[in-house]
Amino acid sequence: MMTPEAFIQQAGLHFNDLQLVRRALTHSSYVNENPEIQEDNERLEFLGDAAIDFLTAAWIYRRYPEMDEGQLTRLRSALVRTERLAAFAEQIRLGEAVLLGHGEENSGGRKRQALLCDAFESLMGALYIDSGMEAVAEFLEPRLPDAVDQAIADESLIDARSLLQIWAQAEVGETPRYQTIDSSGPDHAREFVVEVSVGDKPAARGRGKSKQEAAQAAAAEALRSLQKGEV
């Protein structure tokens, strides 16, 4: 188990107040077994959760200017989910420094994703109090591009249009363009064909009972083509 001083040094963090670090590392199970300790990390967790949500939202807002509100929301959710924040905690060996009660320790708490996520949020809350939002941003934002890559790899987390937009803006610096090129059928059962273009050439077509559904189908087909190296 690492001391708070050793932990922040190897994690590349700087704190003016080491008491904040100790509080961020103090799980409720430790307080329950050590009544002389007055506070666990849950209040800092509340604050860190809000700071991470805001900074992640601001980062993707700047990075993906053409995304609509729904796409921004889905991407933010993928980046701040429990598994992702637990992975951030593992990268800085946070589990090795958390103060746990014996029961939590013996049940494998140091590797439990929910606990690691909560501890990472607490640490960010402590960093905010100690050094301000800019310090949290400097620590968090460099980790977000890799987190986006992981979200793209897990296609269940983000819809096809958002995935294609992320890829297109990163790889060719452009936003995919969607055009309805055909519609057929009676008014109560219309079918639309939408074509998506990336750069200067069409990428794929999709069909659906609405323009939105057809656009999603086109984006999904374009992504499949990208995986095969056809776009």
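Up top is the structure.
A quick note: this is a predicted structure, and the numbers were derived from the prediction, not measured.

Remarks on the overall build of the chain
Part 1 of the argument: Check the secondary structure of the chain and you find 12 helices and three strands.
Part 2 of the argument: Relative to the globule expectation of 17 Å for 231 residues, the C-alpha radius of gyration of the chain, 22 Å, shows a markedly less compact shape.
Part 3 of the argument: Overall, the chain is about 75 × 30 × 30 Å in size when its C-alpha atoms are taken along their principal axes.
Part 4 of the argument: Counting over 231 residues, the chain shows a buried share of 46%.
Part 5 of the argument: Within the chain, residue pairs in contact and separated by at least 24 positions form 53% of the contacts whose partners lie at least 6 positions apart.
Part 6 of the argument: Element-wise, carbon and sulfur atoms account for 45% of the exposed surface of the chain, whose accessible area totals about 12200 Å².
Part 7 of the argument: Side-chain charges of the chain comprise 24 positive and 39 negative groups, with the mean position of each set lying 6 Å from the other.

Re the packing of helix H4 (residues 42-63) against helix H5 (residues 69-79)
Part 1 of the argument: One can describe the packing of H4 onto H5 by two numbers: an axis separation of 10 Å at closest approach and a directional angle of 130 degrees. With respect to their mutual orientation, H4 and H5 come out oblique. The two elements H4 and H5 cross, and the hand of that crossing is right-handed. Packed against H4, whose contacting residues are Asp53, Thr56, Ala57, Trp59, Ile60 and Tyr61, the element H5 presents Leu72, Leu75, Arg76 and Leu79 at the interface.
Part 2 of the argument: Looking at the contact of H4 with H5 residue by residue, the class counts come to seven nonpolar, one polar and two charged.

Remarks on helix H12 (residues 211-227)
Part 1 of the argument: When the terminal C-alpha atoms of H12 are compared, their 24 Å separation across 17 residues agrees well with the 24 Å that a helix rising 1.5 Å per residue should span.
Part 2 of the argument: Of the residues making up H12, those classed as buried are Ala214, Ala215, Ala218, Ala219, Ala222, Leu223, Ser225 and Leu226.
Part 3 of the argument: Lining the buried residues of H12 we find helix H11 (160-171), strand E1 (177-184), strand E2 (191-198) and strand E3 (201-208).

Focus on the pattern of salt bridges
Part 1 of the argument: Using the criterion set out here, one finds 13 salt bridges in the structure.
Part 2 of the argument: A salt bridge links Arg93 to Glu96; the nearest nitrogen and oxygen atoms lie 3.0 Å apart.
Part 3 of the argument: Relative accessible area serves as the criterion here: at 38%, Arg93 is assigned to the partly exposed category.
Part 4 of the argument: Taken together, the shared-partner salt bridges connect Arg23, Glu39 and Arg43 into one network.

Some words on the nonpolar core
As a rule of thumb, soluble globular proteins bury nonpolar side chains together.
Part 1 of the argument: By size, the foremost hydrophobic cluster in this structure holds 64 residues, and its most contacted members are Phe7, Leu13, Leu94 and Phe120.
Part 2 of the argument: If you tally residues by element for this core, the top one is helix H8 (residues 113-131), at nine residues.
Part 3 of the argument: Sequence-distant contacts of Phe7, defined by excluding residues within four places in its chain, comprise Met2, Leu13, Leu25, Ile92, Arg93, Leu94, Ala97 and Leu123.

Quick notes on helix H10 (residues 144-153)
Part 1 of the argument: Within H10 the residues assigned to the buried category are Leu144, Ala147, Val148 and Ala151. Viewed end-on, H10 has its buried residues packed into an arc of 105 degrees, placing them on one side of the element. Among the exposed residues of H10, those oriented more than 90 degrees off its buried face are Asp146 and Ala153.
Part 2 of the argument: On its buried side, H10 packs onto H4, H5, helix H6 (82-91), helix H9 (133-140) and H11.

Remarks on the pairing of E2
Part 1 of the argument: Counting buried positions along E2 yields seven of eight residues, so the element is predominantly enclosed.
Part 2 of the argument: Strand direction decides the pairing type here: E1 and E2, joined by seven bridges, are antiparallel. The partner of Arg177 across the bridge, within E2, is Ser197.
Part 3 of the argument: Looking at chain direction, E2 and E3 are connected through seven bridges and run antiparallel. Bridging from a neighbouring strand, Val198 pairs with Lys201 of E3.
Part 4 of the argument: Following E2, the chain reverses through two residues before pairing antiparallel with E3; Gly199 in that reversal takes a positive phi of roughly 75 degrees.

Digging into the environment of Asn32
Part 1 of the argument: In this fold, Asn32 is placed in helix H3 (residues 28-33).
Part 2 of the argument: Placed 69 residues apart in sequence, Asn32 and Gly101 show a C-alpha to C-alpha distance of 7.4 Å.

Regarding unusual backbone geometry
Part 1 of the argument: A positive phi angle, close to 60 degrees, is found at Arg93, a residue other than glycine.
Part 2 of the argument: Mapping Arg93 onto the fold places it in the loop between H6 and helix H7 (102-106).

What about the packing of H11 against H12?
Part 1 of the argument: In the contact formed by H11 and H12, the axes pass within 8 Å of each other and the chain directions differ by 50 degrees. With respect to H12, the element H11 is oriented oblique. In terms of crossing hand, the pair formed by H11 and H12 is left-handed. Every residue of H12 that contacts H11 at Ala160, Arg161, Leu163, Leu164 and Trp167 is listed here: Gln212, Ala215, Gln216, Ala219, Ala220, Ala222, Leu223 and Leu226.

The rules behind the values
Residues numbered from 1 in each chain as written. Predicted model: local features only at pLDDT ≥ 70, side-chain atom pairs only at ≥ 80, totals over all residues. Heavy atoms only, no water. Helix = DSSP H or I, 4+ residues; strand = E, 2+ residues; numbered from the N terminus. Rg over C-alpha atoms; globule rule 2.2 N^0.38 Å. Buried < 20%, exposed > 50% of the residue type's maximum accessible area, 1.4 Å probe, protein only. Contact = heavy atoms within 4.5 Å. Areas by Shrake-Rupley, 256 points an atom, 1.4 Å probe, with all protein chains shown as cover. Lys, Arg positive; Asp, Glu negative; His and termini not counted. Charge placed at Lys NZ, Arg CZ, Asp CG, Glu CD. Axes fitted to C-alpha atoms, helices over the stretch in contact; angles between N-to-C directions. Parallel < 35°, antiparallel > 145°, perpendicular 65-115°, else oblique. Left-handed = near helix turned anticlockwise from the far one by under 90°. Nonpolar A, V, L, I, M, F, W, Y, C, P; charged D, E, K, R; others polar. Expected span 1.5 Å × (residues − 1). Salt bridge = Lys/Arg side-chain N within 4 Å of Asp/Glu carboxyl O. Core = buried A, V, L, I, M, F, W, Y, C linked by side-chain atoms within 4.5 Å. Arc of directions from axis to C-beta. Pairing = 2+ DSSP bridges.

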